[in-house]
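A closer look at the structure
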Amino acid sequence: MSAKTKLPVGQEAIEEFGWLRAHRFLLLRRATQIFFLSLFLLGPWFGIWWVKGNLSGSLTFNILPLTDPFILLQSIVGQHWPETTALIGAIIVGVAYALIGGRVYCSWVCPINPVTDGAHWLHEKLGMQKGWQPKHNTRYWILGMVLAVSAITGSVAWEFVNPISMLHRGLIFGMGFAWAFVVAVFIFDLFVSRRGWCGHLCPVGTFYGLLGTKSVVRISAVERSACDDCMDCFAVCPEMHVITPALRGKDGDTPLILSPDCTNCGRCIDVCAMDVFKFTHRFDDTPVPGREGRTRTQPASGASKAA
Amino acid sequence: MSATKRKPSSMDRRRFLQDSARAAAGCTVAGMFLAQFATDARALPPQAIRPPGALDEKEFLAACIRCGLCVRDCPYDTLVLAELGYDGAATGTPFFTARDVPCEMCEDIPCVAACPTGALDKELTNIDDADMGLAVLIDEEKCLNALGLRCDVCYRVCPVIDEAITLERRHNERSGHHAIFMPTVHSDKCTGCGKCEKSCVLPGQSAIKILPRRVAMAEAADHYKLGWEDPNPMVDDIIDLPDRLPGPGTDNLVAPGGYTPDATGIPDANMDGGFSPSFSFPTAGGSN
């Protein structure tokens, strides 16, 4: 193994562009997560009631209602037809995520994301095995199961266990023992299954993924011909299978990452020393040539880092 | 990335069926636990009172998204969201504990107005129609009024004073010459706001408590006719019978021959239906 392949993920990008630029989307994402959480905490902590409620449902400036469309869907499946306010809120949220990418919720808003990112960071630090990796379609089974239980029991079933609302509501309204669900997710991701919760099981993320199937904002491997197979993008990507079709595409294939699993987190843009990726829109049909051939001699060592 | 690159078309049927069976079985087990959670949560503890206008518990759990907007708009900080492990209500759903902070029965009902989903029913426009529960004087051994003292606090704080709680006077058997002013709740007026429970002067638990109506109320037995409220309804609705007044043929001892308002004498033994008593009435002026 050469010294080069032992470099930590993103090291080349840091050397090339500097630490700040090699972490810009990560920093921006953390800032956004903190921003959205702070909006909700301004009221209970400082008495500034710009936003009331939590991620399940909220009211901003006493005029803008927002509702989690997945929770409302469970409610409807559970045979309660909601009032117009909640429906409008869900439509606003639904349309927004359908445009910017459904799983933007996961990487830019969801309070569990820092938890599972933390678990993954520690997972890598400890050099642990990837553990149980559920099948790609497991998440859809779970989504279906949640809706079925909602219908059978006539309740918003996922909200009895949802670690997202447990954590978010807990921070805003009082935690109780809800932290146990958050710790459980952390431990699960750390010891049982790498990137397991957000990447394979969480039905909220699955729902938002489906919502954003045709989303406009997409990441594209526009400079894929410059790729030197360092595999850093695969190593940082929480849904690494989304990269392959775009990055390894032939001349005629689209360089756009079109999988609904992509969370638009932008980490691949951060860590790429060759500046392969960039944010664009799904109608961007600039022709992008595929790679000519492998430029690196030992891709296998990089792949082991990712696999 | 995954080492194998499968195409669905090349995936053999056996493999597909096996994977599907595994996923379905796993989801069934997980779903059973989830359903268990969801149905267990309906067992709302009696001391956890839902906000005004709350749907029945089962419907409520389908409707409430646990956003807490009702909590935020409650001006008296009565409502709280249930915390896992501390409060018995389903996690994140709104409730209040009357002994801590009762409902102040705001006229504009801001909690109902705030609810985006209708878990708190917008049909409730008059707070006096609210039905959060029913006050029950649950410990007559400790209630000061029931002991014959004059506390009256629950009666005085009631927002529907003299209608939801009245003081019913009865004889004090213990002293023999005092009265007991018994706080008596009337279910058609009580809203379950809990101000009586909150203000009960006893230390610790209150002698009067808000209970869910499902717990507090019995079901009336329809096959018993309350004659004083509903005189002979079964026959009168069907055919019109002549009302049978006391008269000949009855055992009217005072006036065996029929109704006579001023009848004071001994019944006439010769009258139809009469009889010959072996004694005499004192007022008849007979042998004395």
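The rules behind these values
- Residues numbered from 1 in each chain as written.
- Chains lettered and ligands numbered in written order.
- Predicted model: local features only at pLDDT ≥ 70, side-chain atom pairs only at ≥ 80, totals over all residues.
- Heavy atoms only, no water.
- Helix = DSSP H or I, 4+ residues; strand = E, 2+ residues; numbered from the N terminus.
- Buried < 20%, exposed > 50% of the residue type's maximum accessible area, 1.4 Å probe, protein only.
- Polar contact = N/O pair within 3.5 Å; in protein donor to acceptor, adjacent residues only side chain to side chain.
- Salt bridge = Lys/Arg side-chain N within 4 Å of Asp/Glu carboxyl O.
- pLDDT = per-residue confidence, 0-100.
- Contact = heavy atoms within 4.5 Å.
- Domains from an automatic or database assignment.
- Buried area = accessible area lost by both parts, 1.4 Å probe.
- Axes fitted to C-alpha atoms, helices over the stretch in contact; angles between N-to-C directions.
- Parallel < 35°, antiparallel > 145°, perpendicular 65-115°, else oblique.
- Nonpolar A, V, L, I, M, F, W, Y, C, P; charged D, E, K, R; others polar.
- Core = buried A, V, L, I, M, F, W, Y, C linked by side-chain atoms within 4.5 Å.
- UniProt positions renumbered as here; feature names shortened; annotations may be inferred.

**Looking at the side chain of Asp270 of chain A**
Residue and element names in this part refer to chain A.
- Position of Asp270 among the secondary structure elements: in helix α14 (residues 267-271).
- A residue is classified by how much of its surface remains accessible, and Asp270, at 1% relative accessible area, is buried.
- Reaching out from Asp270, the side chain makes a polar contact with the backbone nitrogen of Phe25 at a distance of 3.0 Å.

**Details of the pattern of salt bridges**
- Overall, the coordinates contain 18 salt bridges over all chains when judged by the stated rule.
- With a shortest N-O distance of 2.8 Å, Asp73 of chain B and Lys52 of chain A are connected by a salt bridge. Here Asp73 of chain B is found in helix α3 (residues 69-73), whereas its partner Lys52 of chain A is found in strand β1 (residues 51-54) on a different chain.
- Here Asp73 of chain B falls in the partly exposed class, since its relative accessible area comes to 25%.
- Look at Lys52 of chain A and you get buried, because its relative accessible area is 11%.
- Three or more residues joined by partner-sharing salt bridges are found here, namely Arg29, Arg30, Asp117 and Arg195 of chain A.

**A look at the confidence of the model for chain A**
- Per-residue pLDDT for chain A averages 89, and the proportion of residues at 70 or more is 93%.
- The model gives residues 299-307 of chain A a pLDDT under 50, and that stretch makes 21 contacts with residues more than four places away or in other chains.

**Focus: the domain arrangement of chain B**
Residue and element names in this part refer to chain B.
- Entries for chain B in the domain assignment read domain 1 (40-132) and domain 2 (133-215).
- Distance from the C-alpha centre of domain 1 to the C-alpha centre of domain 2: 24 Å.
- Counting from both sides, the interface comprises 16 residues of domain 1 and, opposite them, 22 residues of domain 2.
- Of the roughly 1400 Å² buried between domain 1 and domain 2 on both sides combined, carbon and sulfur atoms contribute 50%.

**Some details on the packing of helix α2 (residues 24-46) of chain A against helix α8 (residues 163-173) of chain A**
Residues and elements named next belong to chain A.
- At their nearest, the axes of α2 and α8 sit 9 Å apart, and the two run at 30 degrees to each other. Classified by the angle their axes make, α2 and α8 are roughly parallel. Note on element contacts: α8 touches α2 through His168, Leu171 and Ile172, opposite Leu37, Phe40, Leu41, Pro44 and Trp45.
- Among the residues forming the contact of α2 with α8, the class breakdown is seven nonpolar, one polar and no charged.

**Some remarks on unusual backbone geometry**
- In this structure, Asp229 of chain A takes a positive phi of about 60 degrees despite not being glycine.
- For Met105 of chain B, which is not a glycine, the phi torsion comes out positive at approximately 55 degrees.
- Tracing the backbone through its elements, the reader meets Met105 of chain B in the loop between β2 (94-95) and α4 (110-114).

**Let's talk about the nonpolar core**
- In this structure, Tyr105, Leu247 and Phe277 of chain A are the most contacted members of the largest nonpolar core, which totals 114 residues.
- Setting aside residues up to four positions removed in sequence, Leu247 of chain A forms contacts with Ala221, Arg224, Cys227, Cys233, Phe234, Val276, Phe277 and Arg291 of chain A.

**Quick notes on the interface of chain A and chain B**
- Taken together, the 50 residues of chain A in the interface contact 43 residues of chain B.
- Three residues stand out in chain A for area buried against chain B, namely Trp141, Phe160 and Phe173 of chain A, and they jointly supply 19% of the buried area on that side.
- Summed over the shared surface of chain A and chain B, the number is one salt bridge.
- Taken together, the links from chain A to chain B amount to 13 residue pairs in polar contact (both at pLDDT 80 or more).
- Secondary structure elements with two or more residues in the side of chain A that touches chain B: β1, β2 (57-60), α3 (69-77), α4 (84-100), α7 (138-153) and α8 of chain A.
- Looking at which element gives the most residues to the side of chain A that touches chain B, the answer is α7 of chain A, with six residues.
- A per-class count over the side of chain A that touches chain B returns 29 nonpolar, 16 polar and five charged.

**Some remarks on the UniProt feature "transmembrane region" (unreviewed entry) in chain A**
- The sites that UniProt annotates as "transmembrane region" (unreviewed entry) are residues 34-51, 86-106, 140-158 and 170-192 of chain A.
- The distance from the first to the last C-alpha atom of residues 34-51 of chain A is 14 Å, and the span holds 72% helix and 6% strand.

**Overview of the side chain of Thr67 of chain A**
- Counting through the fold element by element, Thr67 of chain A comes out in strand β3 (residues 64-67).
- On the basis of relative accessible area, Thr67 of chain A is assigned to the buried category, the value being 2%.
- At 3.0 Å, the side chain of Thr67 of chain A and the backbone oxygen of Ala86 of chain A are in polar contact.
- In contact with Thr67 of chain A, not counting residues within four places along its chain, are Ser56, Gly57, Leu72, Thr85, Ala86, Gly89, Ala90 and Val93 of chain A together with Ile65 of chain B.

**Points about the environment of Ala54 of chain B**
All names here are of chain B.
- In this structure, Ala54 sits in the loop between α1 (13-40) and α2 (57-63).
- Look at Ala54 and you get partly exposed, because its relative accessible area is 25%.
- Separated by 41 residues in sequence, Ala54 and Phe95 have C-alpha atoms that sit 9.8 Å apart.
- Sequence-distant contacts of Ala54, defined by excluding residues within four places in its chain, comprise Phe60, Ala119 and Leu120.

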